[in-house]
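Listed below, chain by chain, are the residues.
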Amino acid sequence: MRLDHASHIEDASQSALDECPIGSDTHHAEKARVVIQGELDGNERMDRERKAILRSALQFVDVTGQRRTSVPDKSSPLEVPHEDFQRVCPFIAPSPELFYMLLPEPTATIGRSGSIQWPDHISDKTLEKMASSILSDNDLEHGQVFYQYCICIYVKAIFHLYQKPRTYKDPRINAQFLKSKKLYETYAFGALKRLNFLNAPTLPFIQSLISAAFFMQYLGNMSQSWILNSYAARLITALGYHEMRNPLGTADLDEEIHSAVCWCFYLDRTLSTLLYRPLSLPEPHISPMDLISDNQSLPHLPLIRILLDLAQVQGELLNCGMADNTRQIIANHSRLQERMEVIYSRLQSGQASAPDCIAIDWISGEFCYYAILVDILRSRLKCAFSPLTHKECVSYSRKSLRALHHLQRNIADTPGFMDPYPSFLTWTVLLYPLSPFFVLFCNIIGELDMDDYNLMQDITQSLSQFAASPYISKLLKLLYYLQNLCVPLIEAKQLMGPQLKVPTLYPSMTGTWHDHQTSTNEHAHFFMAGSPYMDPVSGANPQQLQTPSDGSYAPAPDDALMWQLFNSQLSLEWFESDPFCY
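Residues numbered from 1 in each chain as written. Predicted model: local features only at pLDDT ≥ 70, side-chain atom pairs only at ≥ 80, totals over all residues. Heavy atoms only, no water.

Visitor: What is the right way to look at the overall build of the protein chain in this model?
Guide: What the protein chain contains, in helices and strands, is 22 helices and 0 strands. Taking all 582 residues of the protein chain together, the buried fraction comes to 55%. Within the protein chain, contacts between residues separated by at least 24 positions form 77% of all contacts whose residues are at least 6 apart in sequence. Put simply, the protein chain shows about 25,000 Å² of open surface, and 53% of that area lies on carbon and sulfur atoms. (Helix = DSSP H or I, 4+ residues; strand = E, 2+ residues; numbered from the N terminus. Buried < 20%, exposed > 50% of the residue type's maximum accessible area, 1.4 Å probe, protein only. Contact = heavy atoms within 4.5 Å. Areas by Shrake-Rupley, 256 points an atom, 1.4 Å probe, with all protein chains shown as cover.)

Written out as structure tokens, the structure reads:
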């Protein structure tokens with residue numbers, strides 16, 4: 001007996017899809033199209049190879065951006081290719097045995113699997129209260145509070161099983177863990193479908209929405225996660241919880257409220273940055289870091305504090321470019337970079353002292369940290385180009401992708417299930433910016449760096465085994481497309497040999513373009529004649545870098561197009577198969 005994952009989608013009115021206006025969630029694609037087309041139209045002296053690359057990118061953006069109006073897509077964003085989810089079953093309330101499993105043991109130690117659970121907004125005391133209410137068999141049953149509690153409990157159960165596969169290696173036991181997880185997903189869906197969103201705002205309602213947002217995020221549906229969390233943020237605002245000034249620990253109710261605000265804040269800043277959407281939760285009066293319980297028995301706590309700090313930085317980065325002048329924008333970026341340096345020192349010290357059982361989780365934190373830092377540097381480069389900033393941006397992109405590649409090579413040590421792809425991808429690639437991929441792609445085009453190309457190959461090849469997932473499949477289409485655009489240039493460089501020095505698109509630290517040796521070697525001449533770094537008609541060298549009056553550097557006009565690609569960030573919404581228009 002299972003709940004059909006797609007049933008709640010199929011029941012929706014088709015008119016909602018038909019009336020979805022063009023641009024409602026493809027405005028990023030439209031913006032990219034205008035920028036790339038404008039650069040193509042305005043750069044008559046651009047060489048043939050770069051024109052071909054950018055026309056291919058333009059075609060890809062056009063096809064992707066018009067997906068909702070040109071390609072009928074009735075598939076569910078939550079569709080899982082398992083027969084277990086293709087049948088409808090009645091909703092079943094949490095069993096007493098489930099509560100026995102979730103309630104903590106009084107003598108739990110860090111080495112035990114039950115003590116390395118990722119904490120959330122539902123504390124042990126809150127869980128005990130919910131379990132007591134459901135088991136008491138009173139008027140709560142089948143009411144709205146009942147379903148709100150059920151969502152929290154079933155999602156809690158899913159994440160309880162999240163740690164099991166890397167602790168217990170017996171395949172038959174893990175198969176049972178996976179079966180139970182899917183069952184809990186089924187019932188979580190059933191409870192979520194029964195929520196009445198016209199209900200008055202209450203704390204249990206907020207808690208259930210945040211649990212549902214984590215559930216959707218775990219499934220890879222970031223758009224639905226943002227919607228549910230945004231509604232939770234509106235209810236928090238309506239009740240004035242974000243304005244609370246009470247110190248943590250004054251009362252159990254205050255602790256529940258603080259925890260809800262803390263995790264809603266984390267999801268709001270992280271998902272809004274990812275999806276280019278406005279923030280939903282006003283800045284809390286208490287620092288988010290002070291909203292989380294200081295429970296020293298939780299080994300994940302130092303990492304969670306770092307993620308909250310990073311979420312705060314992401315939220316500020318969204319508004320970083322709204323200053324009145326360039327000087328203030330640069331000052332904002334400098335302040336964020338200084339904060340990131342402080343966070344990095346904490347990341348290093350926390351990673352060094354972390355228990356071995358969660359060491360891999362800190363590698364995920366590294367990927368997230370460097371991805372956010374790359375976004376900060378990209379934002380700064382849009383405002384004022386600097387060779388040093390560009391060099392740092394490329395370097396941090398490599399570090400981010402190397403951390404991801406380490407995770408890919410050590411899947412057995414990561415938490416979660418292979419269902420149909422490793423769960424850690426929902427906390428890394430699908431939740432944090434894809435900027436490192438774009439930066440590395442542009443650097444390969446500009447520098448013909450073989451190490452960067454090999455790293456991009458490693459990432460795409462590792463991800464290709466999980467193409468059964470619609471999210472990973474769509475992401476792979478982009479990565480393979482970019483990788484294939486690099487192939488002709490890389491092959492040409494390999495043909496010429498390592499002795500060939502190629503002039504690049506990017507300036508040196510002195511503010512001039514890298515020099516290239518003048519050679520009569522026919523192979524070198526052949527490569528240069530068709531390269532994206534020389535005009536094939538006039539044979540002219542790239543222009544000298546222009547130096548603005550404020551001392552910053554800017555690329556030459558003919559190379560502005562590559563910087564547009566460098567500064568582009570495709571929205572994750574493009575890769576989702578969600579047919580709704582919100």
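Following the structure, the description resumes.
Visitor: Would you mind showing me how to read the packing of helix α18 (residues 435-447) against helix α19 (residues 450-464) here?
Guide: Axis angle and axis distance: for two packed helices, these are the angle between their axes and the distance between the axes, and together they describe the pair. Axis separation between α18 and α19 bottoms out at 9 Å; the angle between their running directions is 140°. As the angle between them shows, α18 and α19 are arranged oblique. Classified by chirality, the crossing of α19 by α18 is left-handed. Contacts between α18 and α19 involve F437, L440, F441, N443 and I444 from the former and D452, Y453, L455, M456 and I459 from the latter. (Axes fitted to C-alpha atoms, helices over the stretch in contact; angles between N-to-C directions. Parallel < 35°, antiparallel > 145°, perpendicular 65-115°, else oblique. Left-handed = near helix turned anticlockwise from the far one by under 90°.)

Visitor: What's the story with the side chain of S364 in this structure? I'm lost.
Guide: With respect to the helices and strands, S364 occurs in helix α16 (residues 359-383). According to the relative accessible area criterion, S364 is buried, its value standing at 14%. When neighbours within four sequence positions are excluded, S364 is seen to be in contact with L407 and T428.

Visitor: So what exactly am I meant to see when it comes to unusual backbone geometry here?
Guide: Apart from glycine, the bulk of residues carry a negative phi angle, and the bulk of peptide bonds sit in the trans form. One non-glycine residue, Y276, lies in the positive phi region at around 55°. Note that Y276 resides in the loop between α12 (252-275) and α13 (288-291). Relative accessible area serves as the criterion here: at 32%, Y276 is assigned to the partly exposed category. The backbone of L448 shows a phi angle near 55°, a positive value even though the residue is not glycine. Looking at where L448 falls in the secondary structure, it is placed in the loop between α18 and α19.

Visitor: Can you walk me through empty space enclosed by the protein in this structure?
Guide: Rolled over the atoms, a probe with the dimensions of a water molecule shows which regions are left empty. Taken as a whole and assessed by the stated rule, the structure comprises 6 cavities of 30 Å³ or more. The computed volume of the largest cavity comes to approximately 260 Å³. Contributing to the lining of the largest cavity are 18 residues, with W118, Y162, D361, S364 and W427 lying nearest its centre. Elements with a minimum of two residues in the lining of the largest cavity: α8 (144-162), α14 (301-318) and α16. If one sorts the elements of the lining of the largest cavity by residue count, α16 sits on top with 5 residues. (1 Å grid on protein atoms, 1.4 Å probe; cavity = no way out; pocket = protein on both sides within 12 Å on 5 of 7 lines; lining within 4 Å. Points joined across faces, edges and corners; volume = space filled by probe spheres on them.)

Visitor: In this structure, what is going on with the nonpolar core? I would like to understand it.
Guide: Within soluble globular proteins, side chains that are nonpolar tend to cluster in buried spots. Within the largest apolar cluster, 144 residues are counted, with the highest numbers of intra-cluster contacts made by I210, Y266, M340 and L425. The biggest single contributor to this core is α8, with 14 residues. When sequence neighbours within four positions are dropped, the list of residues in contact with L425 reads L404, L430, L463, F466 and I472. (Core = buried A, V, L, I, M, F, W, Y, C linked by side-chain atoms within 4.5 Å.)

Visitor: How should I be thinking about the pattern of salt bridges in this particular structure?
Guide: Pairing of side chains with opposite charge becomes possible as their charged atoms draw close. Taken as a whole and assessed by the stated rule, the structure comprises 14 salt bridges. In this structure, D170 and R172 form a salt bridge, with 3.7 Å as the shortest nitrogen-oxygen distance. For D452, the salt bridge goes to R398, with nearest N and O atoms at 2.7 Å. Here D452 is found in helix α19, whereas its partner R398 is found in helix α17 (residues 387-409), with 54 residues between them in sequence. (Salt bridge = Lys/Arg side-chain N within 4 Å of Asp/Glu carboxyl O.)

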